[in-house]
Amino acid sequence: MKIGILTSGGDCPGINATIRGVCKTAINNYDMDIIGIHSGFEGLITKDVEELTEKSMSGLLYYGGTILGTSREKAFMRKKLDINHDKPSIIKQNIEDLGIECLVCIGGNRTQTFAHQLSEMNIPIVTIPKTIDNDIFGTDYCFGFDSAVSIATDAIDRLHSTASSHKRVMVIEVMGDKAGWIALHAGMAGGGDIILIPEMQYNIHNIGDTIIQRLKQGKPYSIIVVAEGIETRGRKRAANFIAEEIEYETGFETRETVLGYVQRGGSPTPFDRNLATRMGGYATELIANKSFGRMVALKGDKVTSLPLNEVINKTKFIPLDHELIVQGKRMGVCFG
Ligand code: F6P
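Remember, predicted model here, so these are calculated numbers, not experimental data. (Residues numbered from 1 in each chain as written. Predicted model: local features only at pLDDT ≥ 70, side-chain atom pairs only at ≥ 80, totals over all residues.)

Novice: So what's going on with the overall build of the chain? Residues and values would help.
Specialist: Helices and strands together make up the secondary structure of the chain, namely eleven helices and eleven strands. For 336 residues, the compact-globule estimate of 2.2 N^0.38 gives 20 Å, and the chain sits close to it at 22 Å. Considered along the principal axes of its C-alpha atoms, the chain spans approximately 70 × 40 × 30 Å. For the chain, the residues scored as buried account for 49% of the 336 residues in total. (Helix = DSSP H or I, 4+ residues; strand = E, 2+ residues; numbered from the N terminus. Rg over C-alpha atoms; globule rule 2.2 N^0.38 Å. Buried ≥ 20, exposed ≤ 12 C-beta atoms within 10 Å, placed from the backbone.)

Take a look at the structure:
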(Lines give C-alpha, C1' and ligand atoms only; values in the text may rest on other atoms or scores of the structure.)
Protein backbone atom coordinates (compact mmCIF):
# COMPACT_ATOMS: atom_id res chain seq x y z
CA MET A 1 0.00 0.00 0.00
CA LYS A 2 1.22 3.51 -0.80
CA ILE A 3 0.49 6.35 1.60
CA GLY A 4 1.08 10.07 1.14
CA ILE A 5 1.88 12.40 4.03
CA LEU A 6 1.75 16.19 4.19
CA THR A 7 1.95 18.96 6.76
CA SER A 8 -0.21 22.04 6.42
CA GLY A 9 -0.83 25.32 8.30
CA GLY A 10 1.52 26.94 10.83
CA ASP A 11 4.43 24.75 11.88
CA CYS A 12 5.05 23.67 15.47
CA PRO A 13 7.47 21.53 17.46
CA GLY A 14 6.66 17.82 17.16
CA ILE A 15 5.62 17.61 13.50
CA ASN A 16 8.76 15.74 12.50
CA ALA A 17 8.33 13.38 15.44
CA THR A 18 4.82 12.53 14.22
CA ILE A 19 6.03 12.04 10.62
CA ARG A 20 8.59 9.64 12.08
CA GLY A 21 5.87 7.90 14.11
CA VAL A 22 3.73 7.36 11.00
CA CYS A 23 6.59 6.22 8.79
CA LYS A 24 8.47 3.93 11.17
CA THR A 25 5.21 2.19 12.15
CA ALA A 26 4.35 1.79 8.46
CA ILE A 27 7.78 0.48 7.48
CA ASN A 28 8.31 -1.84 10.45
CA ASN A 29 4.84 -3.36 10.63
CA TYR A 30 3.17 -3.08 7.23
CA ASP A 31 4.16 -3.32 3.65
CA MET A 32 3.63 0.40 3.08
CA ASP A 33 5.52 2.81 0.83
CA ILE A 34 5.50 6.44 1.92
CA ILE A 35 5.43 9.50 -0.27
CA GLY A 36 6.29 12.79 1.47
CA ILE A 37 4.43 15.73 -0.10
CA HIS A 38 6.15 19.12 0.05
CA SER A 39 4.57 22.45 1.08
CA GLY A 40 1.20 21.16 2.25
CA PHE A 41 -1.69 20.77 -0.20
CA GLU A 42 0.23 22.90 -2.70
CA GLY A 43 2.56 19.94 -3.26
CA LEU A 44 -0.42 17.92 -4.43
CA ILE A 45 -1.06 20.47 -7.16
CA THR A 46 2.54 20.60 -8.33
CA LYS A 47 3.26 16.92 -7.55
CA ASP A 48 6.25 18.04 -5.50
CA VAL A 49 6.97 14.80 -3.66
CA GLU A 50 9.78 12.56 -2.38
CA GLU A 51 9.97 9.00 -1.20
CA LEU A 52 10.40 8.65 2.57
CA THR A 53 12.45 5.73 3.82
CA GLU A 54 13.79 4.49 7.15
CA LYS A 55 16.92 6.53 6.41
CA SER A 56 14.89 9.75 5.99
CA MET A 57 13.70 9.33 9.59
CA SER A 58 17.14 9.83 11.16
CA GLY A 59 17.41 12.74 13.59
CA LEU A 60 13.75 13.75 13.24
CA LEU A 61 12.59 13.30 16.82
CA TYR A 62 14.06 16.47 18.20
CA TYR A 63 14.15 18.55 15.03
CA GLY A 64 11.70 21.53 15.00
CA GLY A 65 9.53 22.71 12.09
CA THR A 66 8.58 20.27 9.35
CA ILE A 67 10.98 18.53 6.97
CA LEU A 68 8.20 18.48 4.37
CA GLY A 69 7.56 22.24 4.43
CA THR A 70 4.11 23.71 4.86
CA SER A 71 1.71 26.34 3.53
CA ARG A 72 -1.41 28.07 4.81
CA GLU A 73 -4.65 26.66 3.34
CA LYS A 74 -6.19 30.13 3.03
CA ALA A 75 -3.29 31.50 0.98
CA PHE A 76 -3.17 28.32 -1.07
CA MET A 77 -6.89 28.43 -1.89
CA ARG A 78 -6.59 32.11 -2.88
CA LYS A 79 -3.60 31.55 -5.17
CA LYS A 80 -4.68 31.68 -8.83
CA LEU A 81 -3.67 28.77 -11.01
CA ASP A 82 -3.47 28.96 -14.78
CA ILE A 83 -5.36 25.70 -15.01
CA ASN A 84 -9.05 25.64 -15.57
CA HIS A 85 -9.91 23.26 -12.75
CA ASP A 86 -10.80 23.65 -9.11
CA LYS A 87 -8.04 22.72 -6.70
CA PRO A 88 -9.75 19.80 -4.89
CA SER A 89 -10.38 18.07 -8.26
CA ILE A 90 -6.75 18.54 -9.32
CA ILE A 91 -5.64 17.16 -5.99
CA LYS A 92 -7.91 14.11 -6.37
CA GLN A 93 -6.55 13.45 -9.86
CA ASN A 94 -2.92 13.85 -8.74
CA ILE A 95 -3.42 11.56 -5.75
CA GLU A 96 -4.63 8.91 -8.21
CA ASP A 97 -1.74 9.61 -10.62
CA LEU A 98 0.78 9.24 -7.78
CA GLY A 99 -0.84 5.96 -6.74
CA ILE A 100 -1.51 7.25 -3.20
CA GLU A 101 -4.08 5.04 -1.48
CA CYS A 102 -4.39 7.06 1.71
CA LEU A 103 -3.41 10.62 2.55
CA VAL A 104 -2.19 11.58 6.03
CA CYS A 105 -2.77 15.29 6.71
CA ILE A 106 -1.04 16.83 9.72
CA GLY A 107 -2.47 20.22 10.59
CA GLY A 108 -4.64 22.63 12.53
CA ASN A 109 -8.30 23.65 12.23
CA ARG A 110 -8.20 24.73 8.58
CA THR A 111 -6.30 21.60 7.59
CA GLN A 112 -8.98 19.46 9.24
CA THR A 113 -11.68 21.33 7.30
CA PHE A 114 -9.93 20.96 3.93
CA ALA A 115 -9.09 17.32 4.64
CA HIS A 116 -12.76 16.72 5.43
CA GLN A 117 -13.70 18.27 2.07
CA LEU A 118 -11.32 15.87 0.29
CA SER A 119 -12.60 12.98 2.34
CA GLU A 120 -16.15 13.80 1.16
CA MET A 121 -14.80 13.35 -2.40
CA ASN A 122 -14.00 9.72 -1.51
CA ILE A 123 -10.29 10.29 -0.97
CA PRO A 124 -9.12 8.01 1.87
CA ILE A 125 -7.83 10.40 4.55
CA VAL A 126 -6.49 10.20 8.08
CA THR A 127 -5.55 13.39 9.92
CA ILE A 128 -3.34 14.23 12.88
CA PRO A 129 -4.02 17.42 14.88
CA LYS A 130 -1.15 19.80 15.50
CA THR A 131 -0.97 23.36 16.72
CA ILE A 132 0.66 25.38 19.45
CA ASP A 133 -2.77 26.96 20.04
CA ASN A 134 -4.34 23.73 21.41
CA ASP A 135 -7.68 24.86 19.95
CA ILE A 136 -8.65 21.84 17.83
CA PHE A 137 -11.98 20.39 18.84
CA GLY A 138 -12.09 16.71 19.77
CA THR A 139 -8.60 16.31 21.25
CA ASP A 140 -7.57 17.21 24.79
CA TYR A 141 -4.08 18.22 23.66
CA CYS A 142 -2.19 18.86 20.45
CA PHE A 143 1.55 18.41 20.25
CA GLY A 144 3.34 21.74 19.91
CA PHE A 145 1.30 23.24 22.74
CA ASP A 146 3.48 21.98 25.58
CA SER A 147 6.62 23.22 23.79
CA ALA A 148 5.10 26.67 23.21
CA VAL A 149 3.97 26.87 26.85
CA SER A 150 7.46 25.96 27.96
CA ILE A 151 9.02 28.74 25.85
CA ALA A 152 6.42 31.29 26.99
CA THR A 153 6.90 30.29 30.64
CA ASP A 154 10.64 30.76 30.33
CA ALA A 155 10.05 34.23 28.87
CA ILE A 156 7.70 35.18 31.73
CA ASP A 157 10.25 33.90 34.28
CA ARG A 158 12.84 36.18 32.72
CA LEU A 159 10.54 39.20 32.84
CA HIS A 160 10.11 38.89 36.63
CA SER A 161 13.63 40.03 37.51
CA THR A 162 13.67 43.02 35.18
CA ALA A 163 10.11 43.99 36.22
CA SER A 164 11.01 43.96 39.92
CA SER A 165 14.38 45.72 39.39
CA HIS A 166 12.71 48.61 37.56
CA LYS A 167 9.39 48.49 39.43
CA ARG A 168 7.57 48.29 36.13
CA VAL A 169 4.47 46.66 34.73
CA MET A 170 5.46 44.13 32.09
CA VAL A 171 2.90 43.08 29.51
CA ILE A 172 3.73 39.95 27.54
CA GLU A 173 1.65 38.87 24.55
CA VAL A 174 1.58 35.22 23.61
CA MET A 175 0.06 33.43 20.60
CA GLY A 176 -3.06 31.26 20.61
CA ASP A 177 -5.18 32.70 17.81
CA LYS A 178 -8.74 33.14 19.15
CA ALA A 179 -8.18 30.93 22.21
CA GLY A 180 -6.25 31.59 25.41
CA TRP A 181 -4.67 28.20 26.13
CA ILE A 182 -1.04 29.34 25.94
CA ALA A 183 -1.74 32.49 27.97
CA LEU A 184 -3.53 30.53 30.69
CA HIS A 185 -1.00 27.71 31.02
CA ALA A 186 2.16 29.83 30.67
CA GLY A 187 0.61 32.64 32.71
CA MET A 188 -0.10 30.34 35.63
CA ALA A 189 3.19 28.43 35.32
CA GLY A 190 5.10 31.72 35.16
CA GLY A 191 3.27 33.28 38.11
CA GLY A 192 1.55 36.01 36.08
CA ASP A 193 -0.37 38.50 38.26
CA ILE A 194 -2.93 39.28 35.58
CA ILE A 195 -3.88 36.88 32.78
CA LEU A 196 -6.11 38.01 29.93
CA ILE A 197 -7.69 35.42 27.64
CA PRO A 198 -10.24 35.88 24.82
CA GLU A 199 -12.70 33.61 26.61
CA MET A 200 -13.12 36.14 29.47
CA GLN A 201 -14.06 39.81 29.28
CA TYR A 202 -11.75 42.21 31.08
CA ASN A 203 -12.17 45.59 32.67
CA ILE A 204 -9.17 47.90 32.59
CA HIS A 205 -10.16 49.41 35.98
CA ASN A 206 -9.97 45.97 37.64
CA ILE A 207 -6.52 45.48 36.15
CA GLY A 208 -5.44 48.91 37.43
CA ASP A 209 -6.84 48.10 40.91
CA THR A 210 -4.88 44.85 40.99
CA ILE A 211 -1.63 46.66 40.16
CA ILE A 212 -2.25 49.30 42.86
CA GLN A 213 -3.24 46.63 45.39
CA ARG A 214 0.05 44.87 44.72
CA LEU A 215 1.93 48.13 45.34
CA LYS A 216 0.18 48.39 48.73
CA GLN A 217 1.34 44.85 49.50
CA GLY A 218 4.93 45.89 48.88
CA LYS A 219 5.07 44.58 45.32
CA PRO A 220 5.60 47.59 43.08
CA TYR A 221 5.75 45.60 39.84
CA SER A 222 3.34 43.32 37.96
CA ILE A 223 3.40 40.79 35.15
CA ILE A 224 0.46 40.78 32.74
CA VAL A 225 0.13 37.86 30.32
CA VAL A 226 -2.19 38.57 27.41
CA ALA A 227 -3.39 36.24 24.68
CA GLU A 228 -3.07 37.73 21.19
CA GLY A 229 -6.79 37.13 20.58
CA ILE A 230 -8.24 39.39 23.32
CA GLU A 231 -10.53 42.29 22.43
CA THR A 232 -8.44 45.38 21.58
CA ARG A 233 -10.98 47.80 20.12
CA GLY A 234 -9.56 47.32 16.65
CA ARG A 235 -5.90 47.74 17.61
CA LYS A 236 -3.50 45.25 16.06
CA ARG A 237 -1.30 44.29 19.02
CA ALA A 238 -2.91 43.26 22.29
CA ALA A 239 0.26 43.94 24.32
CA ASN A 240 0.57 47.47 23.00
CA PHE A 241 -3.09 48.24 23.63
CA ILE A 242 -3.06 46.89 27.21
CA ALA A 243 0.28 48.57 28.06
CA GLU A 244 -1.00 51.98 26.96
CA GLU A 245 -4.30 51.58 28.78
CA ILE A 246 -2.52 50.52 31.99
CA GLU A 247 -0.05 53.40 31.87
CA TYR A 248 -2.95 55.82 31.38
CA GLU A 249 -5.02 54.18 34.15
CA THR A 250 -2.30 53.77 36.81
CA GLY A 251 0.59 56.03 35.85
CA PHE A 252 2.90 53.02 36.28
CA GLU A 253 5.81 52.73 33.90
CA THR A 254 4.79 49.92 31.56
CA ARG A 255 6.68 47.91 28.95
CA GLU A 256 5.47 45.39 26.40
CA THR A 257 6.92 42.21 24.91
CA VAL A 258 5.43 40.36 21.94
CA LEU A 259 6.86 36.87 22.08
CA GLY A 260 5.93 35.98 18.49
CA TYR A 261 7.32 33.14 16.42
CA VAL A 262 9.93 31.92 18.89
CA GLN A 263 6.95 30.10 20.44
CA ARG A 264 6.69 27.96 17.31
CA GLY A 265 10.36 27.25 16.78
CA GLY A 266 12.93 24.79 18.03
CA SER A 267 12.93 21.38 19.57
CA PRO A 268 9.77 19.76 21.02
CA THR A 269 9.52 18.99 24.74
CA PRO A 270 9.65 15.30 25.75
CA PHE A 271 5.85 15.39 26.28
CA ASP A 272 5.30 16.67 22.73
CA ARG A 273 7.76 14.19 21.23
CA ASN A 274 5.94 11.29 22.85
CA LEU A 275 2.46 12.58 22.04
CA ALA A 276 3.49 13.18 18.43
CA THR A 277 5.04 9.72 18.20
CA ARG A 278 1.94 8.04 19.64
CA MET A 279 -0.40 9.96 17.36
CA GLY A 280 1.72 9.15 14.31
CA GLY A 281 1.73 5.44 15.10
CA TYR A 282 -2.03 5.49 15.73
CA ALA A 283 -2.61 7.13 12.32
CA THR A 284 -0.78 4.27 10.62
CA GLU A 285 -2.89 1.72 12.52
CA LEU A 286 -6.05 3.51 11.31
CA ILE A 287 -4.77 3.22 7.73
CA ALA A 288 -3.91 -0.47 8.16
CA ASN A 289 -7.49 -1.02 9.40
CA LYS A 290 -8.85 1.04 6.49
CA SER A 291 -10.50 3.36 8.98
CA PHE A 292 -10.57 6.56 6.93
CA GLY A 293 -12.12 10.02 7.34
CA ARG A 294 -10.93 10.24 10.94
CA MET A 295 -8.73 12.50 13.08
CA VAL A 296 -6.40 11.04 15.68
CA ALA A 297 -7.05 12.53 19.15
CA LEU A 298 -5.91 12.38 22.76
CA LYS A 299 -8.71 11.68 25.25
CA GLY A 300 -7.53 11.56 28.85
CA ASP A 301 -4.31 9.56 28.59
CA LYS A 302 -5.41 7.47 25.60
CA VAL A 303 -4.83 8.10 21.93
CA THR A 304 -7.99 7.43 19.95
CA SER A 305 -9.78 8.89 16.91
CA LEU A 306 -13.05 10.52 15.86
CA PRO A 307 -14.80 11.21 12.54
CA LEU A 308 -13.63 14.38 10.79
CA ASN A 309 -17.18 15.70 10.51
CA GLU A 310 -17.30 15.93 14.31
CA VAL A 311 -14.15 18.08 14.35
CA ILE A 312 -14.69 20.71 11.70
CA ASN A 313 -16.21 24.19 12.04
CA LYS A 314 -15.55 24.24 15.78
CA THR A 315 -12.89 25.80 17.99
CA LYS A 316 -11.95 24.39 21.38
CA PHE A 317 -12.11 27.29 23.82
CA ILE A 318 -11.18 27.27 27.51
CA PRO A 319 -14.18 26.44 29.70
CA LEU A 320 -14.62 29.16 32.30
CA ASP A 321 -14.63 26.60 35.11
CA HIS A 322 -11.18 25.33 34.05
CA GLU A 323 -9.22 24.27 37.14
CA LEU A 324 -6.35 26.65 36.39
CA ILE A 325 -8.76 29.59 36.30
CA VAL A 326 -10.49 28.49 39.50
CA GLN A 327 -7.19 27.97 41.32
CA GLY A 328 -5.72 31.18 39.89
CA LYS A 329 -8.67 33.17 41.24
CA ARG A 330 -8.29 31.50 44.67
CA MET A 331 -4.69 32.76 44.70
CA GLY A 332 -5.56 36.32 43.70
CA VAL A 333 -4.70 36.17 40.00
CA CYS A 334 -6.76 38.75 38.11
CA PHE A 335 -8.42 37.43 34.94
CA GLY A 336 -9.78 40.80 34.02
O1 F6P B 1 -1.64 28.59 14.40
C2 F6P B 1 -0.54 28.93 15.13
C3 F6P B 1 -0.27 30.39 15.09
O4 F6P B 1 1.07 30.55 15.51
C5 F6P B 1 -1.20 31.28 15.90
O6 F6P B 1 -0.93 31.22 17.27
C7 F6P B 1 -0.95 32.62 15.27
O8 F6P B 1 -2.04 33.47 15.45
C9 F6P B 1 -0.77 32.27 13.83
O10 F6P B 1 -0.37 30.92 13.79
C11 F6P B 1 0.23 33.07 13.05
O12 F6P B 1 0.06 32.76 11.72
P13 F6P B 1 1.11 32.95 10.54
O14 F6P B 1 2.14 31.88 10.66
O15 F6P B 1 0.29 32.76 9.31
O16 F6P B 1 1.68 34.32 10.69
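Novice: Any chance you could break down the sheet that holds strand β4 (residues 102-107) for me, citing the residues and the numbers?
Specialist: If you trace the seven strands from one edge of the open sheet to the other, you get β3-β2-β1-β4-β5-β10-β11, paired in mixed fashion. Whereas interior strands pair on both sides, the edge strands pair on one side only; in this sheet they are β3 (49-52) and β11 (302-307). In this sheet, neighbouring strand axes are inclined to one another by 30° on average, regardless of whether the strands run parallel or antiparallel. Pairing between strand β1 (residues 2-7) and β4: five bridges, direction parallel. Following the sheet pairing, leucine 6 is matched in β4 by cysteine 105. (Pairing = 2+ DSSP bridges. Axes fitted to C-alpha atoms, helices over the stretch in contact; angles between N-to-C directions.)

Novice: Can you tell me about the packing of helix α7 (residues 181-189) against helix α11 (residues 323-330), naming the residues and giving the values?
Specialist: The interhelical angle for the contact between α7 and α11, taken along N-to-C directions, is 40°, at an axis separation of 10 Å. By the angle class used here, α7 and α11 are oblique. Crossing angle aside, the handedness with which α7 passes α11 is left-handed. Where α7 approaches α11, its residues Leu184, His185 and Met188 are matched on the opposing element by Leu324, Ile325 and Gly328. Its residues placed into classes, the contact of α7 with α11 shows four nonpolar, two polar and no charged. (Parallel < 35°, antiparallel > 145°, perpendicular 65-115°, else oblique. Left-handed = near helix turned anticlockwise from the far one by under 90°. Contact = placed C-beta atoms within 7 Å. Nonpolar A, V, L, I, M, F, W, Y, C, P; charged D, E, K, R; others polar.)

Novice: Before we move on, can you summarise the UniProt feature "binding site: substrate" (unreviewed entry) in the chain with the specific residues and values?
Specialist: Within the UniProt annotation, "binding site: substrate" (unreviewed entry) is assigned to Thr131, Ile132, Asp133, Arg168, Glu228, Arg255, Tyr261, Val262, Gln263 and Arg264. In three dimensions, the annotated residues from a span of 134 residues occupy distinct locations, with a maximal C-alpha spread of 32.7 Å. Along the polypeptide, isoleucine 132 turns up in the loop between β5 (125-129) and α6 (145-166). The class of isoleucine 132 is buried, set by 30 C-beta atoms lying within 10 Å. (UniProt positions renumbered as here; feature names shortened; annotations may be inferred.)

Novice: Before we move on, could you go through unusual backbone geometry and cite the residues and values that matter?
Specialist: Peptide bonds are mostly trans, and most non-glycine residues show a negative phi. Although it is not a glycine, lysine 167 adopts a positive phi angle of roughly 55°. Here aspartate 177, not a glycine, exhibits a phi torsion of approximately 60°, which is positive. On the neighbour-count criterion, aspartate 177 (20 C-beta atoms within 10 Å) is buried.

Novice: Please provide a residue-by-residue account of the sheet that holds strand β9 (residues 254-258), values included.
Specialist: A sheet is described by the order of its strands in space; here four strands give the open sequence β7-β8-β6-β9, paired in parallel fashion. With one partner strand each, in any of the chains shown, β7 (194-196) and β9 form the two edges of the open sheet. Within this sheet the neighbouring strands show an average axis-to-axis angle of 15°, counted without direction. Against the sheet, α7 touches β6 (169-174), β7 and β8 (222-227), its axis set at about 160° to β8.

Novice: Before we move on, can you summarise the domain arrangement of the chain with the specific residues and values?
Specialist: Here the chain is described as being made up of domain 1 (2-144 + 268-310) and domain 2 (148-264). Taken together, the residues of the side of domain 1 that touches domain 2 sort by class into two nonpolar, four polar and three charged. (Domains from an automatic or database assignment.)

Novice: Summarise the pairing of β11; cite the residues concerned and give the values.
Specialist: In terms of strand pairing, strand β10 (residues 294-299) meets β11 through six bridges, oriented antiparallel. Bridged to valine 296 within β11 is serine 305. Linkage of β10 to β11, two consecutive antiparallel strands, is achieved through a turn of two residues, within which glycine 300 is found at a positive phi near 65°.

Novice: Describe the site of the ligand, naming the residues involved and giving the relevant values.
Specialist: In the region of the ligand, the neighbouring residues are Gly10, Arg72, Gly108, Thr131, Ile132, Asp133, Met175, Gly176, Asp177, Glu228 and Arg264. Per-class residue counts for the shell around the ligand are two nonpolar, four polar and five charged. Each of two domains, domain 1 (2-144 + 268-310) and domain 2 (148-264), supplies a minimum of three residues to the shell around the ligand. (Near = placed C-beta within 6 Å.)

Novice: Give a description of the pairing of strand β2 (residues 33-37) that names residues and reports values.
Specialist: Side chains on a regular strand alternate between the two faces of the sheet. In terms of burial, β2 is largely enclosed, as four of its five residues are buried. Of the strand pairs in this sheet, β1 and β2 are connected by four bridges, and their pairing is parallel. The residue bridging glycine 4 from the neighbouring strand is isoleucine 35, located in β2. A crossover links β1 with its parallel partner β2, the connecting element being helix α1 (residues 15-29), and its sense is right-handed. Here β2 runs beside β3; their pairing, made up of four bridges, is antiparallel. (Right-handed = clockwise from strand over helix to strand, strands pointing away.)

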